[in-house]
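# Breakdown of the fold
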Amino acid sequence: MTSHGVKPSSRVLVIGGGYTGQRFAAAAKTQGAQVWLTSRSAREGAQWLHFNAGEGAIPQLPEGLSHVLITLPPNGSGEDDAYNLLKEALQQQPLQWVGYLSTTGVYGDSQGRWVDEGSPTQPGLRRSQSRLQCERRWLASGLPLQSFRLPAIYGPGRCPFQQLQQGTARLIHKPQQVFCRIHVDDIVGALLHCCGLPPEARPALLNVSDDLPCPSSETLGFAAHLLGCKLPALRTFRDAEGEMSPMALSFWADNRRISNALLCQDLGYSLLYPTYREGFTASWEEEQTHLK
């Protein structure tokens, strides 16, 4: 890391202490930083700040923050609680870097074609439309902010292993459909990599995706191989869609390939898990370690 990166003198706030937020917080602590996380429910421990807009729980932020990561999605009304309630307080802080976790859903459906940071944003899903609006507001906030556009996030506890073991996994094929994904630790790695870049070298928008867009049937097959279990019967999307919830159907609505060239070629970040094969293997090993 350069002098701009997370280091022992850093004071880091993670707004949204969920799956990715906690992994980032743990990595920042490993580098010696002092870290706080927000949670919708009150938690014990000095590092947790209670932030729940619906309950009127607005935290007083620690002073002297140097880095902030915003992981909260828009609320049910499409509004950004962090922006509406914490932006002004953040503008008073001596921030060196702010990261906002967005979604590659802002690109909409490219019918399987590659998209990059310069591609048009034409989100079809309501939640992606809301995320794009929130992203734009943060980018216009005057904060030293980068927006990281993420596809499906996986990692320990977020792979299809449990569904395969319980017999609830579904093997569905839709011609030409691919999905992009990223291991949670590569999100963390990309965030820390950007913290370590000079401010003038940090792009405002950045895709964080692995090297191998592919059908979900392919990833499920590899997961079954790791577990040594059988796959469920293959079904076509046309046959299965009538049984899917609106949320499940929405994941099949967009078809695109996400380019990570800006991150991996221009900015020099090396993926820990270039494909789901390395990522699933590491996730399975970590899950097994925690069970011992």
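Coordinates for the structure precede this section.
First things first, this report covers the structure right here in the doc. Each chain carries its own residue numbering, running from 1 in the written order of its sequence. For a predicted model such as this one, the threshold for reporting local features is a pLDDT of at least 70, and the threshold for listing and counting side-chain atom pairs is 80 or more; totals across whole chains, interfaces and linings nevertheless cover every residue. With hydrogens and water set aside, each side-chain value is computed from the structure's full complement of heavy atoms.

Runs of H or I in DSSP of at least four residues are treated as helices and runs of E of at least two as strands, each being numbered from the N terminus. Along the chain, Val 68 turns up in strand β4 (residues 67-70). Burial status follows relative accessibility: with a 1.4 Å probe on protein chains alone, a residue under 20% of its type maximum counts as buried, one over 50% as exposed, and anything between as partly exposed. Overall, Val 68 belongs to the buried group, its relative accessible area being 0%. Sequence-wise, Val 68 and Arg 11 are 57 residues apart; in three dimensions their C-alpha atoms are separated by 8.6 Å.

With that settled, the discussion passes to helix α5 (residues 184-195). The end-to-end C-alpha distance of α5 is 17 Å, a good match for the 16 Å that twelve residues give at a rise of 1.5 Å each. In terms of residue burial, α5 counts as a mostly covered element, since eleven of its twelve residues are buried. All of the buried residues along α5 are Val 184, Asp 185, Asp 186, Ile 187, Val 188, Gly 189, Ala 190, Leu 191, Leu 192, Cys 194 and Cys 195. Here the expected span of a helix is defined as 1.5 Å times the quantity of residues minus one.

Unlike most non-glycine residues, Gln 111 shows phi in positive territory, near 55°. In this fold, Gln 111 is placed in the loop between β5 (97-103) and β6 (114-115). Residue classification places Gln 111 among the exposed residues on the basis of a relative accessible area of 59%.

Let's shift gears to the pattern of salt bridges. A pair can form between side chains of opposite charge whenever their charged atoms are brought close. When a carboxyl oxygen of Asp or Glu is within 4 Å of a side-chain nitrogen of Lys or Arg, the pair counts as a salt bridge. In the structure shown here, the tally under the stated rule is seven salt bridges. A salt bridge links Arg 23 to Glu 286; its shortest N-O distance comes to 3.0 Å. A residue pair is termed long-range when its members are at least 10 positions apart, and Arg 23 in helix α1 (residues 19-30) and Glu 286 in helix α10 (residues 276-291) qualify at 263 residues. Of the charged contacts, one joins Glu 243 and Arg 235 as a salt bridge, the two residues approaching to 3.0 Å between their closest N and O atoms. Given a relative accessible area of 53%, Glu 243 falls into the exposed group. Via salt bridges that share partners, Arg 23, Asp 185 and Glu 286 belong to a single interconnected network.

Burial runs high along strand β7 (residues 145-150): six of the six residues are buried. Neither face of β7 is left uncovered, since the one carrying Leu 145, Ser 147 and Arg 149 and the one carrying Gln 146, Phe 148 and Leu 150 both have all their residues buried. Each pair of strands is called paired provided DSSP finds at least two bridges between the two strands. Sheet analysis places β5 next to β7, joined by six bridges and oriented parallel. Following the sheet pairing, Ser 102 is matched in β7 by Arg 149. Judged from the three bridges that link them, β7 and strand β11 (residues 205-207) form a sheet pairing that is parallel. Its bridge partner lying in β11, Phe 148 is registered against Leu 206.

Turning next to the nonpolar core. We call a set of buried Ala, Val, Leu, Ile, Met, Phe, Trp, Tyr and Cys residues a nonpolar core when their side-chain atoms join them within 4.5 Å. Counting 31 residues, the largest nonpolar core has Val 14, Phe 24, Val 35, Trp 97, Phe 148 and Leu 191 as its most contacted members. Among the elements that make up this core, the one with the highest residue count is α5 (seven residues). In this structure, Ile 15, Leu 61, Tyr 83 and Leu 145 belong to the second largest nonpolar core, which totals 20 residues.

The subject of this paragraph is the sheet that holds β5. Taken in spatial order, the seven strands make up an open sheet running β3-β2-β1-β4-β5-β7-β11, and their pairing is parallel. The two strands at the open ends of the sheet, each matched to only one other strand, are β3 (48-50) and β11. The sheet shows a mean angle of 20° between the axes of neighbouring strands, taken without regard to direction. Here strand β1 (residues 11-15) runs beside β4; their pairing, made up of four bridges, is parallel. Bridge pairing links Val 12 to His 67 in β4. A contact between two residues is defined here by any heavy atoms of the two lying within 4.5 Å. Angular values range over 0 to 180 degrees, each being the angle between N-to-C directions of two axes fitted as lines to C-alpha atoms, with helices fitted over their stretch in contact. The sheet contacts of α1 involve β1, β2 (34-39), β3, β4 and β5, and relative to β2 the element is tilted by about 165°. Of the strands in this sheet, β1 and β4 touch helix α2 (residues 81-91), which is tilted by about 165° from β1.

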